[in-house]
Amino acid sequence: MAGLDSRSQQLYRRAREVIPGGVNSPVRNYSPYPLFVASAKGAKFRTADSQEYLDYCMAYGALLDGHANPEIIEAVEEALEKGSIYGQPTEMEVELAELIASLMPSMEMVRLVNSGTEATMHAIRLARGFTGKKKVLKFEGGFHGSHDSVLVKAGSGATLLGSPSSEGVPSEVAKNTLVSRFNDEQITGKIIRDHENELAAVIVEPVLGNIGPILPKRGFLETLRKVTEENDVLLMFDEVITGFRLSLGGAQEYYKIRPDLTILGKALGGGLPLSAFGGRRDIMEKLSPLGPVYQAGTYSGNPVSVSAALATLQSLRKRAGQVYSRLEKMGDKMRRGIGDHLESARVIAQVNGLGSMFQLFFTDRPVTDYHSAKSADIGKYEKYFHSLLASRVFIPPSQFEASFLSTAHNEDELQTTLDAIGTAVKTLPR
Ligand SMILES: Cc1ncc(COP(=O)(O)O)c(C=O)c1O
């Protein structure tokens, strides 16, 4: 960690005067002050104090090919020179939508937006407009951005109706969101059946990513697909993290489930702000200007972000044969290596993950849902985080996030990281 009068610390002091908490997204704030980044390349970033860190946050999963990827820089530079926004359609948008539809066949039609929050908000409105039903069902621990319908937690007592998880979210809105338990087929099936007449959609991260990676149990997603179909409820996969990360065709390809609607973001933009939602043609045709469900955006489909997304997907399509097996191998090495270090330090923790995602939870319970994740000792995680930071390895500061590998990470960097993890876990109380 940089010294007392580091540039990061000075910037943090300045930032707090004009930016709430000094950061533009709350997860970026950690104790005693966040590192301020000056530049990044590949698997590393350089701070305002010219110190280099190995990065496993990768902008919370946005950077599948690492920082400052030359192919993306070239595409963006070329686009910028031709004008950054027209407020008119472009050929590139058509190409991108066609490419997304070819990689994820459930997305017969696609609409581009700027952020995952926007995409889930619009997809939920669309689901309500299409079905004429008001309620949506989400899962505890699932995160779908920061708008009113999804900033909702399980209500207290016997009620399934959600309650706001943030001040400012009206309870009238939150009660239209039902909350179930991830990986619990029975409860979820019952909620869907009991509410079929008012439930528009189920929104789910097929692999929970925002509480650390939590994998779906065998059969869970299949049951969701079956029960939603039987009860005329739309199934919406939020693949903002898993899309193009778990496989080229996302979690839906990996688990062979065809959702009605899909939300993409993060990796799609290759580091530029771009998200998308899409799905069945009959549903998507309800969107304005074709249909009665309104959705719009000035920067939607802007040529700069679209050029980055096109470069990303075209490159991934060419390299898919190596990219995903290599990420899986690197992920396995990290998960196994962390497990070995925990065992030799006799520290009890769970190592979760899949493909390029990994996380450890300091708990003796297998982490399969929100409640088991919340049994983790966050004080231990904080120590672990700071110990890695001292070794110049940056992971997400919160226990309830996933760490991400990118194709820019190499074997030596993984080994250095595992050595740092070995040192970190040795210092933890057993
Ligand atoms: C699964 C999921 N959905 C939606 C979002 C919201 O995306 P954004 O931060 O681009 O608004 C996130 C962000 O972390 C996410 O992980």
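These lines cover the structure that appears in this document, whether it is placed above or below. In this text the structure is predicted, and so the values were computed from the model without any measurement.

**Considerations on the overall build of the protein chain**
Part 1: When helices and strands are tallied, the protein chain shows 14 helices and 16 strands.
Part 2: For the protein chain, the C-alpha radius of gyration of 21 Å lies close to 22 Å, the compact-globule estimate for 430 residues.
Part 3: Expressed as lengths along the three principal axes of its C-alpha atoms, the size of the protein chain is roughly 55 × 55 × 50 Å.
Part 4: Counting only residues that meet the buried cut, the protein chain has 56% of its 430 residues in that class.
Part 5: The long-range fraction of contacts in the protein chain, counting pairs at least 24 apart against all pairs at least 6 apart in sequence, stands at 70%.
Part 6: Within the structure as shown, the protein chain displays about 18700 Å² of accessible surface, and the carbon and sulfur contribution to it stands at 50%.

**What to know about the sheet that holds strand 13 (residues 350-354)**
Part 1: With antiparallel pairing, three strands are arranged side by side in an open sheet as 13-14-16. Edge positions in the sheet fall to strand 13 and strand 16 (403-404), since each has one partner strand and no second.
Part 2: Bridging between strand 13 and strand 14 (residues 357-361) involves five bridges; their strand directions are antiparallel. Its bridge partner being in strand 14, Asn352 is matched across the sheet by Gln359.

**Points about empty space enclosed by the protein**
Part 1: Under the defined criterion, the tally for this structure stands at one cavity of 30 Å³ or more.
Part 2: Taken as a whole, the largest cavity encloses approximately 70 Å³ of empty space.
Part 3: Here the lining of the largest cavity is composed, by residue class, of six nonpolar, four polar and one charged.

**Some thoughts on the pairing of strand 14**
Part 1: Counting buried positions along strand 14 yields five of five residues, so the element is predominantly enclosed.
Part 2: Connecting strand 13 to the antiparallel partner strand 14 that follows it, the hairpin turn spans two residues, and Gly355 within it adopts a positive phi of roughly 55°.
Part 3: Relative to strand 16, strand 14 is paired through two bridges, and the arrangement is antiparallel. The partner of Phe358 across the bridge, within strand 16, is Ser403.

**Examining the environment of Leu35**
Part 1: Residue position: Leu35 is located in the loop between helix 1 (7-18) and strand 1 (37-41).
Part 2: A sequence separation of 117 residues divides Leu35 from Val152, and the C-alpha atoms of the two residues are 31 Å apart.

**Points about the site of the ligand**
Part 1: Around the ligand lies a shell formed by Ser115, Gly116, Thr117, Phe143, His144, Gly145, Glu205, Asn210, Asp238, Val240, Ile241 and Lys266.
Part 2: A distance of 2.8 Å separates an oxygen atom of the ligand from a polar atom in the side chain of Asn210.
Part 3: Contact with the protein chains hides 81% of the accessible area of the ligand, taken as 390 Å² for the molecule alone.

The rules behind these values
Along every chain, residues carry numbers that run from 1 in the direction the sequence is written. At least 70 in pLDDT is required for a residue's local features to be given in this predicted model, at least 80 for side-chain atom pairs to be given and counted, and no such filter applies to totals for whole chains, interfaces and linings, which use all residues. Side-chain metrics rest on all non-hydrogen atoms present in the structure, leaving aside hydrogens and water. The helix count covers DSSP runs of H or I at least four residues long, the strand count covers runs of E at least two residues long, and both are numbered beginning at the N terminus. As defined in this context, the radius of gyration uses C-alpha atoms, and a globule is described by 2.2 Å times the residue total to the power 0.38. Summary of the burial criterion: residues with accessible area below 20% of their type's maximum are buried, those above 50% are exposed, and those between are partly exposed, where the area comes from a 1.4 Å probe applied to protein chains only. We call two residues contacting when some pair of their heavy atoms lies within 4.5 Å. Every accessible area reported is derived by Shrake-Rupley at a probe size of 1.4 Å, with residue values counting cover from the shown protein chains alone. Pairs of strands are assigned from DSSP output, requiring at least two bridges between the strands. Think of a 1 Å grid over just the protein atoms. A cavity is a set of points where a 1.4 Å probe fits yet cannot get out, a pocket is an open set with protein on both sides within 12 Å along at least five of seven lines, and lining residues have an atom within 4 Å of a point. Grid points are joined across faces, edges and corners, and a volume is the space filled by probe spheres set on the points. Under the convention adopted here, Pro, Cys and the residues Ala, Val, Leu, Ile, Met, Phe, Trp and Tyr are nonpolar, Asp, Glu, Lys and Arg are charged, and Gly plus all remaining residues are polar. For this description, a residue counts as near a given molecule or strand if any of its non-hydrogen atoms is within 4 Å of it. Here a polar contact means two N or O atoms within 3.5 Å. Within protein one must be a hydrogen donor candidate and the other an acceptor candidate, and residues neighboring in sequence count only if both atoms are side-chain atoms.

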